[in-house]
Amino acid sequence: MQEKIELEHEAAKLFMRLYEQKTGIPMRHIWHNEPKKPDVSCYLGDRRLDLEIAHLYGSEEEAQLILGRKVSIRTLEALHRLITVPVGERLLNALNAILASKAEKSYHSDRVWLVLRNANPLWSREELEDNLHRVTLPESHSFEQIWVVGDMEGKSGILRLFP
């Protein structure tokens, strides 16, 4: 659980810095929330904003590999089967799955943005941009805005998915 919180804080800080650089609007002072509220709260200018953070790994097996977990034979077999699926399709499937999952949740918040951080080194910002038109955004969701951080370090910047 502590690792999850640390990853969420890291992603939130990274997004806040990149958003501020892109827009010139300050984002400051983050704190972690308990369940039923989005992961992190901050201030966008002088207004409170909640951020729901998610990491885009791909499959559960890819997440284990990326996070440096011990990999079993079953995991290696699953990873081997993924080789036959084009990278763009894996990206689109993972992105649509996260969006569908997050859209089902309700949050105790007046303003919440969804921030997805791409954690899979196989996917580049260009692949994200090339597939944005194929993303299936659920009709109903709680998010005022949806953003993607293009890579773990934020070197490729942020992309706005919605609106």
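See the structure shown above.
Cut-offs used in this document
Residues numbered from 1 in each chain as written. Predicted model: local features only at pLDDT ≥ 70, side-chain atom pairs only at ≥ 80, totals over all residues. Heavy atoms only, no water. Helix = DSSP H or I, 4+ residues; strand = E, 2+ residues; numbered from the N terminus. Rg over C-alpha atoms; globule rule 2.2 N^0.38 Å. Pairing = 2+ DSSP bridges. Axes fitted to C-alpha atoms, helices over the stretch in contact; angles between N-to-C directions. Contact = heavy atoms within 4.5 Å. Buried < 20%, exposed > 50% of the residue type's maximum accessible area, 1.4 Å probe, protein only. Right-handed = clockwise from strand over helix to strand, strands pointing away. Core = buried A, V, L, I, M, F, W, Y, C linked by side-chain atoms within 4.5 Å. 1 Å grid on protein atoms, 1.4 Å probe; cavity = no way out; pocket = protein on both sides within 12 Å on 5 of 7 lines; lining within 4 Å. Points joined across faces, edges and corners; volume = space filled by probe spheres on them. Expected span 1.5 Å × (residues − 1).

Colleague: Can you help me understand the overall build of the protein in this one?
Modeller: When its secondary structure is counted, the protein shows five helices and six strands. For the protein, the sequential pattern of α-helices and β-strands runs α-β-β-β-α-α-α-β-α-β-β. Radius of gyration (C-alpha) of the protein: 16 Å, near the 15 Å computed for a compact globule of 163 residues. Principal-axis analysis of the C-alpha atoms places the extent of the protein at approximately 50 × 35 × 30 Å.

Colleague: How do you make sense of the sheet that holds strand S3 (residues 47-56) when you look at a structure like this?
Modeller: Hydrogen bonds between backbone groups are what pair the strands of a sheet, and the pairing can be parallel or antiparallel. Ordered in space as S1-S2-S3-S4-S5-S6, the six strands form an open sheet in which the pairing is mixed. Single-partner strands in this sheet number two, and they are strand S1 (27-32) and strand S6 (158-162). The sheet shows a mean angle of 30° between the axes of neighbouring strands, direction not considered. Across four bridges, S1 lies against strand S2 (residues 40-44) in antiparallel orientation. Note that in S2 the partner of Met-27 across the bridge is Leu-44. Contacts between helix H1 (residues 2-23) and the sheet are confined to S1, S2, S3, strand S4 (112-118), strand S5 (145-149) and S6, with S1 contributing the most and set at about 165° to the helix. In the packing of helix H4 (residues 87-103) onto the sheet, contacts are made with S3, S4, S5 and S6, and the angle to S3 comes to roughly 135°.

Colleague: It is not clear to me how the pairing of S5 should be interpreted in this structure. Could you clarify?
Modeller: Put simply, side chains in a regular strand alternate between the two faces of the sheet. The element S5 is largely enclosed, with a buried count of five among its five residues. Across the two faces of S5 the burial is the same, with Gln-145, Trp-147 and Val-149 and Ile-146 and Val-148 all buried. Handedness of the β-α-β unit built from S4, helix H5 (residues 125-131) and S5 comes out right-handed. Here S5 pairs with S6 via four bridges, running antiparallel. By the bridge assignment for S6, Ile-146 is matched with Phe-162.

Colleague: I tried to follow the nonpolar core on my own but got confused; where do I start?
Modeller: Generally speaking, soluble globular proteins have nonpolar side chains that are buried together. The biggest cluster of nonpolar side chains holds 20 residues, and the ones touching the most others in it are Phe-15, Tyr-19, Met-27, Leu-51 and Trp-113. Elements supplying a minimum of two residues to this core: H1, S1, S2, S3, S4 and S5. For this core, the element with the most residues is H1, which contributes seven residues. Residues Ala-94, Leu-95, Leu-114 and Trp-123 belong to the second largest nonpolar core, which totals 19 residues.

Colleague: Looking at this structure, I do not really get the layout of surface pockets. What am I missing?
Modeller: Once rolled over the atoms, a probe with the size of a water molecule shows which space is left empty. Taken as a whole, the largest pocket spans an internal volume of roughly 680 Å³. Lys-4, Glu-8, Asp-39, Ile-53 and Lys-102 are, among the 29 residues lining the largest pocket, the residues nearest its centre. Listed by contribution, the elements that provide at least two residues to the lining of the largest pocket are H1, S3 and H4.

Colleague: Please explain the environment of Ala-97 as it appears in this structure.
Modeller: When you line up the elements, Ala-97 lands in helix H4. Each C-alpha atom, one on Ala-97 and one on Leu-56, is 9.7 Å from the other, the two residues being 41 residues apart in sequence.

Colleague: I would appreciate a short explanation of H4 in the present structure.
Modeller: Each α-helix turn comprises 3.6 residues. Residues three or four places apart therefore point the same way. Spanning 17 residues, H4 covers 24 Å between terminal C-alpha atoms, matching the ideal 24 Å at 1.5 Å per step. Every buried residue belonging to H4 is among Arg-90, Leu-91, Leu-92, Ala-94, Leu-95, Asn-96, Ile-98, Leu-99, Lys-102 and Ala-103, and all of these are buried.

Colleague: Explain H1 to me, please; I cannot follow it from the model alone.
Modeller: When the terminal C-alpha atoms of H1 are compared, their 31 Å separation across 22 residues agrees well with the 32 Å that a helix rising 1.5 Å per residue should span. Positioned one or two residues after H1, Gly-24 has a phi angle of 80°, which is positive.

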